[in-house]
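# Commentary on secondary and tertiary structure
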Amino acid sequence: MEYKLTVKDGYTEIKFDVPPDVDMLMSVNLIRSDHERILLDLSEGLRMDITGLNTLLATLSTRTLPETAVTAIVAIDNHEYGLSKIFQAYRENTGLKVMVFRSKAEAVKWLQYI
């Protein structure tokens, strides 16, 4: 399995087993449009290269979602965390609420109470 999409209480979790390629991202992207609250779990330390992570984050940006849409990103690896924080800052004034966390527990709490 390359990724796992699980609908949980109030949000949808996407977890990758391998660094995603463009085809995998497009498949996740199509599913994503049905869900307003996403937890993107990168906590396995996939060590995505900068191109892969940028493609992943750009894919998140391509959907037209309601103003209530939120995305929590869990990134333990410093490289993935730093790039995700840049993405968070970039999306700050665009209507898509994105927060980056070091722990899944913090991300779930934010998703449930935002």
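See the structure printed just above.
Here the structure is a predicted model, which is why all the values come from computation and not from measurement.

Analysis parameters
- Residues numbered from 1 in each chain as written.
- Predicted model: local features only at pLDDT ≥ 70, side-chain atom pairs only at ≥ 80, totals over all residues.
- Heavy atoms only, no water.
- Core = buried A, V, L, I, M, F, W, Y, C linked by side-chain atoms within 4.5 Å.
- Buried < 20%, exposed > 50% of the residue type's maximum accessible area, 1.4 Å probe, protein only.
- Helix = DSSP H or I, 4+ residues; strand = E, 2+ residues; numbered from the N terminus.

## Thoughts on the nonpolar core
Counting residues in each nonpolar core, the largest one holds 16 residues, and the members touching the most others are Phe16, Leu40, Leu42, Leu53, Leu56 and Ile73. If you list the elements that add at least two residues to this core, you get β2 (11-16), β3 (37-41), α2 (50-61), α3 (78-91) and β5 (97-101). Per-element accounting of this core gives the leading share, 3 residues, to α2. In terms of nonpolar packing, the next biggest core, distinct from the first, is built from 10 residues, Val70, Ala72, Phe101 and Ala107 among them.

## Some points on the environment of Tyr113
In this structure, Tyr113 sits in helix α4 (residues 104-113). C-alpha separation for the pair Tyr113 and Gly10, spaced 103 residues apart in sequence, amounts to 10.0 Å.

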